[in-house]
Amino acid sequence: MRKIPLIKPFVNNSVFPAVKKVLDSGMLTDGLVTREFERKVCDYVGIQYGMANPNCALALELSLKALKIKKDDEIIIPDYTHPATINAVISAGGKPVLVDVDMDTYNISLSAADEAVSEKTKAIMPVSLFGQPVNIEKLISMKKEHDFSIVEDAACSLGAEYKGFRAGKLSDITCFSFHPRKILSTGEGGMLVTKSKEIFDIAKQMKMFGGRLIPGTKIFEYYELGGNYKFPNILAAMGIEQLALLDNVIDDRIKKAHKYIDLLKETEGIECPKEIPDTKHTFQSFCCLLSKDIDRNKLILNLKRDGIESQIGSYCLSIQPVFKNIKRGGELINSKDIFNRALVLPLYHSMTENDQMYVVEKLKKEIKSLI
Ligand SMILES: Cc1ncc(COP(=O)(O)O)c(C=O)c1O
């Protein structure tokens, strides 16, 4: 039977000699290749400082620790996101405040975030979910009235653009993921980028167990608690090679996403993801919304029987048992609704038009049987 997975990571041929070169050098951990990868991601985003980390979850945690979050500091986050977003806030010692998301973008509701801001707000953590960039202009304008930092969780959105600005360029700190579900993948990996040398220097010290070299020596001195947030040369070599082709891979995804939108238009029971004017949505996930009467779990199982892998999208945090006592900034209606109705379809570089037509044919058939 035909098998269509949700994702097949794109690994270009140049990765193999680049990784071999690092293996031959014997310098496997964080080093010069990591520095080169950081420089190249910064140039791509258009920002000064970048630090590669073991994954995006740790990059987010490190970013908030670098902001020196205190016990009563509130961090506003969207209720519909990966648990990594809220875990980072709690691990860094802050108080998360959950706000609702927007039905069109699945990203943080800017009006809900605005209403939740108080004198306790230390940061807003917008999430540019599924490759859809957040409206960063509006968030920056909110900062003019209140003093908070913007720490963008762009785990899914390297290469996404808002009004021509790449995700990561305008926020105070932004974190990306290089997990295999992401468009650029190094197996596991993440990176924080910032325009602030001060934040970068604090994060750099924390990355090295809290220490820095005594000038003119090879000896570290330790100033604060830190950890191991390093990213190895060997994975950086993969990242450099993938970055060189990233824009081509994104353009191809956008073309395939448009194909899905075309094939699914006027299909009863399913709504395709929306593109907002002046933005570049990279479709890291092609996340649709099913109508309320469709049993999504049954649909996922039926598609599996047809050889097609699909998935639920992201999570509504406020209904997870572990987060039930977390502060809410207003009602969380859209978040629950999206969590219950989202369906991610397969989308990957080597997927053919024929594969997409097969997915759509089966999807239409299964939806019809469930309405
Ligand atoms: C919005 C969001 N933030 C953070 C993460 C965590 O990324 P990582 O797996 O690199 O830690 C993910 C993972 O999918 C995510 O979707």
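Residues numbered from 1 in each chain as written. Predicted model: local features only at pLDDT ≥ 70, side-chain atom pairs only at ≥ 80, totals over all residues. Heavy atoms only, no water.

### Quick notes on the pattern of salt bridges
Defined as follows: Salt bridges, as used here, are contacts in which a Lys or Arg side-chain nitrogen is within 4 Å of a carboxyl oxygen on Asp or Glu. When a residue's accessible area, from a 1.4 Å probe over protein chains only, is under 20% of the maximum for its type it is buried; when over 50% it is exposed; and in between it is partly exposed. Every helix listed is a DSSP run of H or I at least four residues long, and every strand listed is a run of E at least two residues long, numbered separately from the N terminus.
The full count for this structure, using the stated rule, is 27 salt bridges. Notably, a salt bridge pairs Arg-35 with Asp-30, separated by 3.0 Å at the nearest N-O pair. A residue is classified by how much of its surface remains accessible, and Arg-35, at 34% relative accessible area, is partly exposed. With a shortest N-O distance of 2.7 Å, Asp-201 and Lys-197 are connected by a salt bridge. Taken together, the residues Asp-201 and Lys-197, both in helix H7 (residues 197-207) and 4 residues apart, mark about one turn of the helix. Exposure remark for Asp-201: the relative accessible area of 33% places this residue in the partly exposed category. What you see here is one network of salt bridges that share partners, running through Asp-30, Arg-35, Glu-38 and Lys-207.

### Overview of the sheet that holds strand E5 (residues 121-124)
Sheet strands pair by backbone hydrogen bonding; their relative direction is either parallel or antiparallel. Keep this limit in mind: Two strands form a pair only when DSSP identifies at least two bridges running between them. Note on contacts: a residue pair is in contact if any heavy atoms of the two residues lie within 4.5 Å. An axis is simply a line fitted to the C-alpha atoms; with a helix, the fit covers only the stretch in contact. Between two such axes, the angle follows the N-to-C directions and lies from 0 to 180 degrees.
Read from one edge of the open sheet, 8 strands run E1-E10-E9-E6-E5-E2-E4-E17, paired in mixed fashion. The open sheet has two edge strands with one neighbour each: strand E1 (49-53) and strand E17 (327-328). Sheet contacts for helix H2 (residues 32-45): E1, strand E9 (173-177) and strand E10 (190-194); angle to E1, the most-contacted strand, approximately 130°. Packed onto the sheet, helix H4 (residues 83-91) meets strand E2 (74-78), strand E4 (95-99) and strand E6 (149-153) and runs at close to 150° relative to E4.

### Thoughts on a nonpolar patch on the surface
Put simply, the rule reads: The patches described consist of residues with a relative accessible area above 30% and no salt bridge, like charges being joined within 9 Å and nonpolar side chains (Val, Leu, Ile, Met, Phe, Trp, Tyr) within 5 Å. Working definition of accessibility: Shrake-Rupley area with a 1.4 Å probe, residue cover restricted to the visible protein chains.
A cluster of nonpolar side chains, namely Phe-209, Leu-213, Phe-220 and Tyr-222, defines an oily patch on the protein surface of about 400 Å² accessible area. Tracing the backbone through its elements, the reader meets Tyr-222 in strand E12 (residues 220-222). In this structure Tyr-222 comes out as exposed when scored by relative accessible area, which is 51%.

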